[in-house]
Amino acid sequence: MRTVSAELATGTPPARPDEAGLAEIERLLDKVRDQLGVEVAWISTVGSDALTVWAATGATRAMNLELGDRDLIGSFCTRILAGTLPDIVHDARRHPVTRDLEVTRELRIGSYAGVPWRSPDGLTTGLLCCASQHPDPSLDQRSVQYLTLIADLLADHMGGPLALQRHSVATARRAVQAVLEARDVRMVFQPIVRLRDRATVGYEALARFDPGAFAGPDRAFAAASLCGLGVPLELLAVRQALERLPDLPGHLGLAVNLSAEALLEAEVLDTLLAHASPRLTIEVTEHTQVGDYPSLTGALDSLRRAGIRLSVDDAGAGYASLQHILQLRPDLIKLDISLVRDVDTDVVKAALARSLNDFAGQIGASLIAEGIETAGELDRLTGIGIEYGQGYHLARPGKLP
């Protein structure tokens, strides 16, 4: 049984629940372990660029579960909140999303379940999670319902961490607002290549930020989402990218990234329609879950009627990306980097890539393989018949030629 004692990176001691609250948190975590038969249970808050584990009970030493700050980007939690990972993973070492994650090996996760917990005003503040070192097919929707019940109870005792999370939100808002006011987003462009002849057919626009403000673009967008400025930051990046569209030769296309949330905003749609052309592709990212597919498809239909093409990211990475494909019927499908990595030596990945390529062809879409980093991967993907690709082996993001 462990409780948090680490200081934050700023040196300020984290606000903790009082002793009575902490004891109740641990008691509820023990009930999760007893009820679901799992080895560890823990509760965290999600900040602008990190999650903080506040309390954990069970086999924490055996599973290397330390309290304090952890990387937000590489976590199961981020993927659950984004909808790219289900709330139950029966076998983490076989699941296509989690088997290649460093955290799966680091924490020796064999099975996992997690649900969000919310502040009194209804905002998602963190996650209640549990895990075991072995696969566990017994975890089911009743397990999720039980976790959700306990999460509601735990929220009543997380006053200290909640205050810290609110401080994190305020810090994130100041940093993102400074970027928005200064329009301090720099765009780089990564070529999209036709694999059979290595010809560049277009570019994907990628946002970059002052490293003094954000360690990377993922952290900038995570901070913006946390403080309610996600859509304005996405819109700024898209406008910066679209300014360069006239600089591209007429036979080359431009892909820009937008979340489902942003695509439901009138200002975003107006901006895209002002630059409508078959040369423009919208790549739907998965920063947030899609709760209203009919509204999203309606918004996308207006763009497609204007000639704009649609791409769906992370195919093969999880349930959410497949739902995107089924619901949105994209023109382009991007094969997730986890399936591209080592595809030349992993027969299972090669078989799945081939199947997805055949599927794309049957629905009139093209497949783009992301993250090609070796000659072997490139040769295997070309042999499979995948039409397009991106990756450091082909070209790194940079300035337009």
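Calculation rules
- Residues numbered from 1 in each chain as written.
- Predicted model: local features only at pLDDT ≥ 70, side-chain atom pairs only at ≥ 80, totals over all residues.
- Heavy atoms only, no water.
- Helix = DSSP H or I, 4+ residues; strand = E, 2+ residues; numbered from the N terminus.
- Expected span 1.5 Å × (residues − 1).
- Buried < 20%, exposed > 50% of the residue type's maximum accessible area, 1.4 Å probe, protein only.
- Phe/Tyr/Trp six-rings, centres within 6.5 Å; stacked < 30°, edge-to-face > 60°.
- Axes fitted to C-alpha atoms, helices over the stretch in contact; angles between N-to-C directions.
- Parallel < 35°, antiparallel > 145°, perpendicular 65-115°, else oblique.
- Contact = heavy atoms within 4.5 Å.
- Nonpolar A, V, L, I, M, F, W, Y, C, P; charged D, E, K, R; others polar.
- Pairing = 2+ DSSP bridges.
- Patch = residues over 30% accessible without salt bridge, like charges linked within 9 Å, V, L, I, M, F, W, Y side chains within 5 Å.
- Areas by Shrake-Rupley, 256 points an atom, 1.4 Å probe, with all protein chains shown as cover.
- Salt bridge = Lys/Arg side-chain N within 4 Å of Asp/Glu carboxyl O.
- Lys, Arg positive; Asp, Glu negative; His and termini not counted.
- Left-handed = near helix turned anticlockwise from the far one by under 90°.
- Core = buried A, V, L, I, M, F, W, Y, C linked by side-chain atoms within 4.5 Å.
- pLDDT = per-residue confidence, 0-100.

**Q** Which residues make up helix H4 (residues 141-155), and what values do they have?
**A** Helix length check: H4, at 15 residues, gives a terminal C-alpha distance of 21 Å against a target of 21 Å (1.5 Å per residue), a fit within 8%. Along H4, the residues classified as buried are Ser 143, Val 144, Tyr 146, Leu 147, Ile 150, Ala 151, Leu 154 and Ala 155.

**Q** A description of the packing of aromatic side chains should follow, citing residues and the corresponding values.
**A** Inspection of every chain in the model, using the stated rule, returns four aromatic pairs. Ring geometry for Phe 209 against Phe 214: centres 6.2 Å apart, planes inclined by 75°, an arrangement best described as edge-to-face. The class for Phe 214 is buried, based on a relative accessible area of 9%. With a centroid separation of 5.7 Å and an interplanar angle of 80°, the aromatic rings of Phe 209 and Phe 221 are classed as edge-to-face.

**Q** I'd like to hear about the packing of helix H7 (residues 230-242) against helix H9 (residues 266-273), residue by residue, with values.
**A** The N-to-C vectors of H7 and H9 enclose an angle of 10°; their axes lie 10 Å apart at closest approach. Classified by the angle between their axes, H7 and H9 sit roughly parallel to one another. Of the residues in H9, those in contact with Val 231, Leu 235, Val 238, Arg 239 and Leu 242 of H7 are Glu 267, Val 268, Thr 271 and Leu 272. In the contact of H7 with H9, the residues fall into six nonpolar, one polar and two charged.

**Q** An account of the environment of Asn 64 is needed here, citing residue identities and associated values.
**A** If you trace the backbone, Asn 64 turns up in the loop between strand S3 (50-58) and strand S4 (68-71). The partly exposed category is assigned to Asn 64, whose relative accessible area is 29%. Residues Asn 64 and Leu 107 lie 43 residues apart in sequence; the distance between their C-alpha atoms is 5.3 Å. Setting aside residues up to four positions removed in sequence, Asn 64 forms contacts with Glu 106, Leu 107 and Arg 108.

**Q** Got a sec to walk through the environment of Ala 274? Specific residues and values, please.
**A** For Ala 274, the location among the structural elements is in the loop between H9 and strand S11 (280-285). Residue class for Ala 274 comes out exposed when judged on its relative accessible area of 61%.

**Q** Let's hear about the pairing of S11: which residues, and what values?
**A** Among the six residues in S11, six count as buried, and that is most of the element. What you see with S11 is no split at all: Leu 280, Ile 282 and Val 284 on one side and Thr 281, Glu 283 and Thr 285 on the other are buried throughout. Where strand S10 (residues 253-259) meets S11, six bridges bridge the pair, whose relative direction is parallel. By the bridge assignment, Leu 258 is partnered in S11 with Val 284.

**Q** Could you give an account of a nonpolar patch on the surface, naming the residues involved and the relevant values?
**A** Together, Leu 326, Phe 359 and Ile 363 make up an exposed nonpolar region whose accessible area comes to about 240 Å². Relative to the helices and strands, Leu 326 is located in helix H11 (residues 319-328).

**Q** Explain the environment of Leu 381 to me, and be specific about the residues and the numbers.
**A** Locating Leu 381 in the fold gives a position in helix H14 (residues 375-384). Classification of Leu 381 by relative accessible area gives buried; the value is 0%. Expressed as a C-alpha distance, the spacing of Leu 381 and Ile 368, which sit 13 residues apart in the sequence, is 9.9 Å. Apart from the residues within four sequence positions on either side, Leu 381 is in contact with Leu 195, Leu 335, Val 340, Val 343, Ala 369, Ile 372 and Ile 386.

**Q** Go over the side chain of Glu 234 with me, naming the residues and quoting the values.
**A** With respect to the helices, strands and loops of the structure, Glu 234 is situated in helix H7. Comment: no salt bridge for buried Glu 234; closest opposite-charge side chain is Arg 239, at 12 Å.

**Q** Give a description of unusual backbone geometry that names residues and reports values.
**A** A positive phi is found at Arg 108, a non-glycine position, where the angle reads about 55°. Following the sequence through the fold, Arg 108 ends up in the loop between helix H3 (102-106) and strand S6 (111-118). By relative accessible area, Arg 108 is classed as partly exposed at 39%. Notably, Asp 342 is not glycine yet its phi reads approximately 65°, a positive angle. Note that Asp 342 resides in the loop between helix H12 (337-340) and helix H13 (347-362).

**Q** So what's going on with the pattern of salt bridges? Residues and values would help.
**A** The final tally for this structure, using the stated rule, is twelve salt bridges. Residues Glu 243 and Arg 183 are paired through a salt bridge, measuring 3.7 Å at the closest nitrogen-oxygen approach. One end of the pair, Glu 243, is in the loop between H7 and S10; the other, Arg 183, is in the loop between helix H5 (159-182) and strand S8 (186-194), and 60 residues separate them in sequence. Looking at Arg 183, the relative accessible area reads 40%, which means it is partly exposed. With its nearest N and O atoms 2.6 Å apart, the salt bridge here joins Asp 247 to Arg 244.

**Q** A description of the packing of H9 against helix H10 (residues 293-305) should follow, citing residues and the corresponding values.
**A** How two helices pack is summed up by the angle between their axes together with the distance between the axes. Running from N to C, H9 and H10 cross one another at 15°; their axes reach a closest spacing of 10 Å. Looking at the two axes, H9 sits roughly parallel to H10. In this structure, the crossing between H9 and H10 has a hand that is right-handed. Counting all contacts with H9, which are made through Leu 269, Leu 272 and Leu 273, the residues of H10 involved are Ala 299, Ser 302 and Leu 303. Considering only residue class, the contact of H9 with H10 consists of five nonpolar, one polar and no charged.

**Q** Explain the nonpolar core to me, using residue names and the numbers behind them.
**A** Residues Leu 272 and Leu 335 are the most contacted members of the largest nonpolar core, which totals 70 residues. For this core, the leading source of residues is H7, giving eight residues. Setting aside anything within four residues of it in sequence, one finds Leu 272 in contact with Val 238, Leu 242, Val 256, Leu 258, Leu 263, Leu 280, Ile 282, Leu 303 and Ile 308.

**Q** Please provide a residue-by-residue account of the confidence of the model for the protein, values included.
**A** Taken residue by residue, the protein gives an average pLDDT of 84. The fraction at 70 or more is 85%. Scored below 50 in pLDDT, residues 1-15 makes 36 contacts in the model with residues more than four places away or belonging to other chains.

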